[in-house]
Amino acid sequence: MEILTHVGGTPGKDCGGFCRFCYFKTVNFKDLDSVALGCKFCPPHQIGCSYCHELIREVKNGFKPPNEVLTQLIMNLEQLKNTQQEVHDLKINVGSWADVINYPHLHDLLAVFQKYEFPVNLGYTSGKGINGAETADDLVARGVTEVSFSVFSINPDLRREWMRDKTPEKSLEALQRFCELCEVNASTVVVPGVITEEEITKTCSILEEWGIKSFVLSRFSNHQNQGLLFNYKPVEDGIEPQPYQEFYELVGSIARQFSFRVLGSPAADPEKGLPYILARKGNKKYLEQLPAIKSETTIITSSLSAPFLEKIFQRIDGNGKVNILAVDKDIGDLIVPADLEAIDLKEVKFKAILPGGALLHDQVAHQLLTRDGKNRKVVRGPELLFLPSNVYLEGKEEEFITYEIRSFTELVNLINQN
Ligand code: SF4
């Protein structure tokens, strides 16, 4: 089991300069303080609270001091203890918004973890700050047993051009050495016309020889509806990212060709039929465990989730009490007030359920969904309807099914509540 800790870091600044495809490249970091997001934790008459401000502060304020990192880790460990979950093979995942290898106190942190014999997963490195195989030797000697490495391509020229990697050969040499010494989760960003299926296949063929554990394809995002939150300009002009369905099929095609786990981000795990394992035809029988639907409700959700929810509700809602409304946003947690402004309120019933994590202040959401003068009840749905497979890489099918039965039961109970 992994426990997360985060060293912060500012993308572009703490990772050796911006990659051309980085989602943060066109963010105006100076303006971030004026962004008022709002979320479900905000007090009733205030937009913005420590939770949603923290989301901004983290990407803006660079690396955290080691004491802050360790204090947070201790709190996470305490929380884990309180859940009384059975914990075995505990590993510490050290994450960063930038590149964890650039964290100036990395060696100090690793020394602490080594003292308590915790193995370490380095949550994200681009490889740009690595001086060759010796860096991998050194980090593994300090207790690192797993690394998430953004390879982009095994072709050094593509790394040089798209990641602005000054020494791509050295970075790739280190990646190979990591593969020899520990577990490696590699990743790429699928930039249309650059990282093609042919290019991915070439990269994955080498990585298979080197023995990686998993490979993540991140869909390139260029617009706000695809996941950019703080950007007002595209990341790269003139590039149109793939629609989700096409991307899902690409992930499936790569997964069928290789022996390691292949996943996509946002949520795409075709090998396991995820996300929304309950939407699979063969899993209809599990839907019988959900409570019967008794009330009229509108579920407002992301464009990615809507088709899956429609499939599930067609099967469990014979009387058509629930309608699903997709906003023009691929990810539910990134739904903001502008997305609710675009909704045709004629489609919204007396009760509306919003994604649990949407970045909306409750009162703002209520105002926007009653602006036609009709009073409506606006409630928050479960935080996550499906288990993300990139976090539960080794999760078993039953675990994904059990989780979704639980989250959909919670959702139906909310629908039925007066
Ligand atoms: S290394 Fe990662 S965080 Fe840094 S610029 Fe590239 S994509 Fe962004």
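Residues numbered from 1 in each chain as written. Predicted model: local features only at pLDDT ≥ 70, side-chain atom pairs only at ≥ 80, totals over all residues. Heavy atoms only, no water.

**Considerations on the pairing of strand 3 (residues 120-125)**
So, step 1. Among the 6 residues that make up strand 3, 5 are buried, leaving the element largely enclosed by the rest of the structure.
So, step 2. Across 3 bridges, the pairing between strand 2 (residues 91-95) and strand 3 is parallel. Paired with V94 across the strands is L122, a residue of strand 3.
So, step 3. In this view, the connection linking strand 2 to its parallel neighbour strand 3 by way of helix 3 (residues 106-115) has right-handed handedness.
So, step 4. Inspection of the sheet shows strand 3 paired to strand 4 (residues 144-150) by 4 bridges, in the parallel sense. Following the sheet pairing, L122 is matched in strand 4 by V147. (Buried < 20%, exposed > 50% of the residue type's maximum accessible area, 1.4 Å probe, protein only. Helix = DSSP H or I, 4+ residues; strand = E, 2+ residues; numbered from the N terminus. Pairing = 2+ DSSP bridges. Right-handed = clockwise from strand over helix to strand, strands pointing away.)

**Observations regarding the site of the ligand**
So, step 1. P11, G12, C15, G17, F18, C19, F21, C22, W97, Y124, S126 and K128 make up every residue found near the ligand.
So, step 2. Of the residues contributing to the shell around the ligand, the split by class is 8 nonpolar, 3 polar and 1 charged. (Near = heavy atom within 4 Å. Nonpolar A, V, L, I, M, F, W, Y, C, P; charged D, E, K, R; others polar.)

**Re the domain arrangement of the protein chain**
Interface extent is often summarised as the accessible area lost during association of the parts.
So, step 1. Along its sequence, the protein chain is organised into domain 1 (2-271) and domain 2 (277-416).
So, step 2. On a C-alpha basis, the centres of domain 1 and domain 2 stand 28 Å from each other.
So, step 3. Tallying the contact residues gives 26 residues for domain 1 and 23 residues for domain 2.
So, step 4. Between domain 1 and domain 2, roughly 2,000 Å² of surface is buried when both sides are summed, and carbon and sulfur atoms account for 61% of that area.
So, step 5. At the junction of domain 1 with domain 2, the criterion picks out 2 salt bridges.
So, step 6. A salt bridge links E383 to K40; the shortest N-O distance between them is 2.1 Å. (Domains from an automatic or database assignment. Contact = heavy atoms within 4.5 Å. Buried area = accessible area lost by both parts, 1.4 Å probe. Salt bridge = Lys/Arg side-chain N within 4 Å of Asp/Glu carboxyl O.)

**Quick look at the packing of aromatic side chains**
So, step 1. This model, assessed by the stated rule, comprises 11 aromatic pairs.
So, step 2. Residues Y244 and Y248 carry aromatic rings whose centres are separated by 5.9 Å and whose planes lie at 55° to one another, so their mutual orientation is tilted. Within this pair, Y244 and its partner Y248 are both found in helix 8 (residues 244-257), separated by 4 residues, close to a single helical turn.
So, step 3. Judged by its relative accessible area of 10%, Y244 falls in the buried class.
So, step 4. Take Y248: its relative accessible area is 16%, and that puts it in the buried class. (Phe/Tyr/Trp six-rings, centres within 6.5 Å; stacked < 30°, edge-to-face > 60°.)

**Some points on unusual backbone geometry**
So, step 1. Residues S265 and P266 are joined by a peptide bond in cis, for which omega reads 10°.
So, step 2. The peptide bond linking L274 to P275 adopts the cis configuration, its omega dihedral lying at 5°.
So, step 3. Along the polypeptide, P275 turns up in the loop between strand 7 (261-265) and strand 8 (297-301).
So, step 4. We note that F152 has phi near 65°; this positive angle belongs to a residue other than glycine.
So, step 5. You can see F152 is positioned in the loop between strand 4 and helix 5 (156-163).

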